[in-house]
Amino acid sequence: MAGVCDAAAPGEGGGGGADGPERTGRGEAEQPGGGGHGPAPQHTETLGFYESDRRREKRRGRAELSLLRFLSAELTRGYFLEHNEAKYTERRERVYTCMRIPRELEKLMFFGIFLCLDAFLYVFTLLPLRVFLALFRLLTLPCYGLRDRRLLQPAQVCDILKGVILVICYFMMHYVDYSMMYHLIRGQSVIKLYIIYNMLEVADRLFSSFGQDILDALYWTATEPKERKRAHIGVIPHFFMAVLYVFLHAILIMVQATTLNVAFNSHNKSLLTIMMSNNFVEIKGSVFKKFEKNNLFQMSNSDIKERFTNYVLLLIVCLRNMEQFSWNPDHLWVLFPDVCMVIASEIAVDIVKHAFITKFNDITADVYSEYRASLAFDLVSSRQKNAYTDYSDSVARRMGFIPLPLAVLLIRVVTSSIKVQGILSYACVILFYFGLISLKILNSIVLLGKSCQYVKEAKMEEKLFNPPPASTPGKPSSKSQSKGKSSQGLSTEENLSASVTSQPGHQKENVIPLLVTSNSDQFLTTPDGDEKDITQENSELKHRSSKKDLLEIDRFTICGNRID
């Protein structure tokens, strides 16, 4: 009983149990009047002591929150970045990537511009010689007899078609008055000219995208086997379509060159400034879009084509201005600052655009070496013995650069600006032509050597000698398998050197072509080595998520901002 009473005592007098706090509250209420139970004043003193201690702590905390302590904390506060090491390492790598972009991009641009130059010089140098050889074969056909079923080889037919299109469009361009077009454009307002120039850029991309299809359709219609059932409208309608396309595209480029010439000759240079600022608008339309690896390859090819076209337009502007000033060399130094300003703006815009695109889409700078290897692969594969297409057509399909309209316009401007009179002038023209041939051959040799080097560095040379499957699906050709085995027995370097130095030969119709197409599904841009671990493959998968491979991308590159 005593234990029970002792256990119950704290609940009654000391505030224990369920109703302890209520009794304590009543004791505090009766304290001023002198009533209540005995233990209540002692408990109240304990609570008061705790409350006073809490007030002292608050006063001490307010005293410590002084301006001096705040300033000292701001001055001595530290960073503990090692707690998030992965995040800041990634940020640092992004900075290094942006610093590497200008160098890697300009390497790709430099290589691509010389590829376009090679295809452009082909029209002026080797194409006339090839047309002459084809016509010579056609005239001397009775001497050879009718041993061959074809009068001309398919390549010779394509060469003659190209030459005839160039000659016809050149004479048609004589009916377009350049001076009248210049004064008509010069009389327009600045804003109207800015709008016209933007419309011309869009139209140029559309023309280039559809133009190569028209030319390819003409070539295939003229050279396809005749025993097949006719499923086309005929060679002559296709030929007229090709002539109309080249003529209209040449006029379009002429209007672009005239607008640029007006901007150069304006007194306040306001139009030139507006046209240069138009390049920076391109950054806004490209940077904030999602880009995959293949889409960036499309844009890079489009930028290469655009930069080379601008160089030719600047050459045309300089020729027209020098003609107006009677070829005074002093006027060339007047044009030089404006030319440098246009080129510098193009380079700056491309660098900024590609730097931020790679930053926002987590693409490394090494991807540009892969793009360069893909372009080099096209050049090397077109030099193989059984290549199915000429390299100039391959560049046109890859970059959207079609040299025929630009060549027609340049010939028209040069012939109207330079008057050839006398034997000495004709001798200078012949020497200049031989100089162009020498430049073309030297450029081709250097490009071929560099392309072989880039293909070996990317470990893509095996793809040059692996024959594609036969035309019949599901049934591989036995000849292709035997040739593949024999090529594997040789060393890779011997195969590469033998394939690029031998001339393409004509193939009979009943033989399945054992050629390597640059747009095959089985080829990848870079080899998937066995030594790569799983983490590296997962990181590369993010950049290879698109179904298309880099070697599949062709003339759609002219629409560089198109997202699949």
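As annotated in an unreviewed UniProt entry, the chain carries the name Transmembrane anterior posterior transformation 1 and comes from Mus spicilegus. Under the UniProt heading Sequence similarities (unreviewed entry), the entry covering the chain gives this text: "Belongs to the TAPT1 family."

*Asks:* Summarise the pattern of salt bridges; cite the residues concerned and give the values.
*Replies:* Under the definition given, this model contains 16 salt bridges. Of the charged contacts, one joins Asp303 and Lys353 as a salt bridge, the two residues approaching to 3.1 Å between their closest N and O atoms. Of this pair, Asp303 sits in helix α13 (residues 293-324) while Lys353 sits in helix α14 (residues 329-360), placing them 50 residues apart in sequence. Neither Asp303 nor Lys353 differs from the other in exposure class; each is buried. Between Arg398 and Asp378 there is a salt bridge, with the nearest N and O atoms lying 2.7 Å from each other. Taken together, the residues span a long stretch of sequence, with Arg398 in helix α16 (residues 391-399) and Asp378 in helix α15 (residues 367-382) at a distance of 20 residues. The exposure classification of Arg398 matches that of Asp378, with both residues buried.

*Asks:* Mind laying out the UniProt feature "transmembrane region" (unreviewed entry) in the chain, listing which residues take part and the relevant values?
*Replies:* Residues annotated by UniProt as "transmembrane region" (unreviewed entry) correspond here to residues 108-133, 153-176, 235-255, 401-418 and 424-449. Across residues 153-176 one finds 83% helix and 0% strand; the C-alpha atoms that close the span lie 36 Å apart. The straight-line gap between the two end C-alpha atoms of residues 235-255 is 30 Å; of that span, 100% is helix and 0% is strand.

*Asks:* Kindly report on the nonpolar core, identifying the contributing residues and their values.
*Replies:* Membership of the largest hydrophobic core comes to 102 residues, with the highest contact counts inside it found for Ile165 and Phe264. Looking at this core, the element that brings in the most residues is helix α11 (residues 235-265), giving 16 residues. Excluding its chain neighbours within four sequence positions, the residues that come into contact with Ile165 are Leu215, Leu218, Phe239, Ala242, Val243 and Val246.

*Asks:* So what's going on with α11? Residues and values would help.
*Replies:* The end-to-end C-alpha separation of α11 is 45 Å, in line with the 45 Å expected for 31 residues at 1.5 Å each. Most of α11 is tucked away: 22 of the 31 residues are buried.

*Asks:* Mind laying out empty space enclosed by the protein, listing which residues take part and the relevant values?
*Replies:* For the structure shown, the criterion picks out six cavities of 30 Å³ or more. Elements supplying a minimum of two residues to the lining of the largest cavity: α10 (190-223), α12 (270-287), α13 and α14. Partitioning the lining of the largest cavity into residue classes produces eight nonpolar, two polar and three charged.

*Asks:* Describe helix α6 (residues 126-139), naming the residues involved and giving the relevant values.
*Replies:* Across its 14 residues, α6 extends 20 Å between first and last C-alpha, which sits within 8% of the 20 Å expected from 1.5 Å per residue. Buried within α6 we find Leu127, Val131, Ala134 and Arg137. Along the long axis of α6, the arc covered by the buried residues comes to 125°, so they all point the same way. Exposed positions of α6 whose direction lies more than 90 degrees from the buried face are Phe132, Leu133 and Leu139.

*Asks:* Give me the lowdown on the side chain of Glu104, citing residues and values where you can.
*Replies:* The topology assignment puts Glu104 in helix α5 (residues 85-124). When residues no more than four places from it in sequence are discounted, the contact partners of Glu104 are Ala365 and Tyr368.

*Asks:* So what about the environment of Ile251? Which residues, and what values?
*Replies:* Structurally, Ile251 can be placed in helix α11. Considering only alpha carbons, one finds Ile251 and Pro405, 154 residues apart in sequence, at a separation of 8.4 Å. With near-sequence residues (within four places) excluded, Ile251 lies in contact with Met173 and Val176.

*Asks:* Any chance you could break down the packing of α10 against α11 for me, citing the residues and the numbers?
*Replies:* For the pair α10 and α11, interaxial distance at closest approach is 9 Å and the crossing angle is 155°. By the angle class used here, α10 and α11 are roughly antiparallel. The handedness of the crossing between α10 and α11 is left-handed. Residue composition of the contact of α10 with α11, grouped by class: 20 nonpolar, seven polar and two charged.

*Asks:* Provide a residue-level description of unusual backbone geometry, including the pertinent values.
*Replies:* At Trp327, a residue that is not glycine, the phi angle is positive and equals roughly 55°. Turning to its location among the elements, Trp327 is positioned in the loop between α13 and α14. A positive phi angle, near 55°, is found at Asp362, a position not held by glycine. Relative to the helices and strands, Asp362 is located in the loop between α14 and α15.

*Asks:* Just give me the short version of the packing of α11 against α12, but keep the residues and values in it.
*Replies:* Put simply, α11 and α12 touch, their axes get as near as 6 Å, and they point 125° apart. Between α11 and α12, the angle falls in the class oblique. Listed contacts from α12 to Thr259, Leu260, Val262, Ala263 and Phe264 of α11 are Leu271, Leu272 and Met275. When its residues are assigned to classes, the contact of α11 with α12 shows seven nonpolar, one polar and no charged.

Calculation notes
Residue numbers run consecutively from 1 along every chain, following the written order of its sequence. This being a predicted model, a pLDDT of at least 70 is required before a residue's local features are given, and a value of 80 or more before pairs of side-chain atoms are given or counted; all residues contribute to the totals for chains, interfaces and linings. To obtain the side-chain values, all non-hydrogen atoms of the structure were included, while hydrogens and water were left out. UniProt positions are given in the numbering used here, feature names are shortened, and annotations may be inferred rather than shown by experiment. In the sections that follow, a salt bridge refers to a side-chain nitrogen of Lys or Arg positioned within 4 Å of a carboxyl oxygen of Asp or Glu. To qualify as a helix, a DSSP run of H or I must reach at least 4 residues; to qualify as a strand, a run of E must reach at least 2; elements of each kind are numbered from the N terminus. Exposed residues in this analysis have more than 50% of their type's maximum accessible area, buried residues have under 20%, and partly exposed residues fall in between, with area computed by a 1.4 Å probe over protein chains only. What is meant by a nonpolar core is a set of buried Ala, Val, Leu, Ile, Met, Phe, Trp, Tyr and Cys residues, joined one to another through side-chain atoms within 4.5 Å. Whether two residues are in contact is decided by their heavy atoms: any pair within 4.5 Å suffices. Here the expected span of a helix is defined as 1.5 Å times the quantity of residues minus one. The pocket and cavity definitions rest on a 1 Å grid over protein atoms only: a 1.4 Å probe that fits but cannot leave marks a cavity, an open set with protein on both sides within 12 Å along at least five of seven lines marks a pocket, and residues lining either have an atom within 4 Å of a point. Grid points are joined across faces, edges and corners, and a volume is the space filled by probe spheres set on the points. Three classes are used: nonpolar for Ala, Val, Leu, Ile, Met, Phe, Trp, Tyr, Cys and Pro, charged for Asp, Glu, Lys and Arg, and polar for all others, with Gly counted as polar. By arc we mean the arc of the directions from the helix axis to the C-beta atoms, nothing more. Axis angles are defined between N-to-C directions and span 0 to 180 degrees, where every axis is a line fitted to C-alpha atoms and, for a helix, only to the segment in contact. Orientation is classified from the angle alone, with under 35 degrees giving roughly parallel, over 145 giving roughly antiparallel, 65 to 115 giving roughly perpendicular, and any other angle giving oblique. Two helices that cross are described as forming a left-handed crossing if the nearer one is turned anticlockwise from the farther one by less than a right angle, and a right-handed crossing if clockwise.

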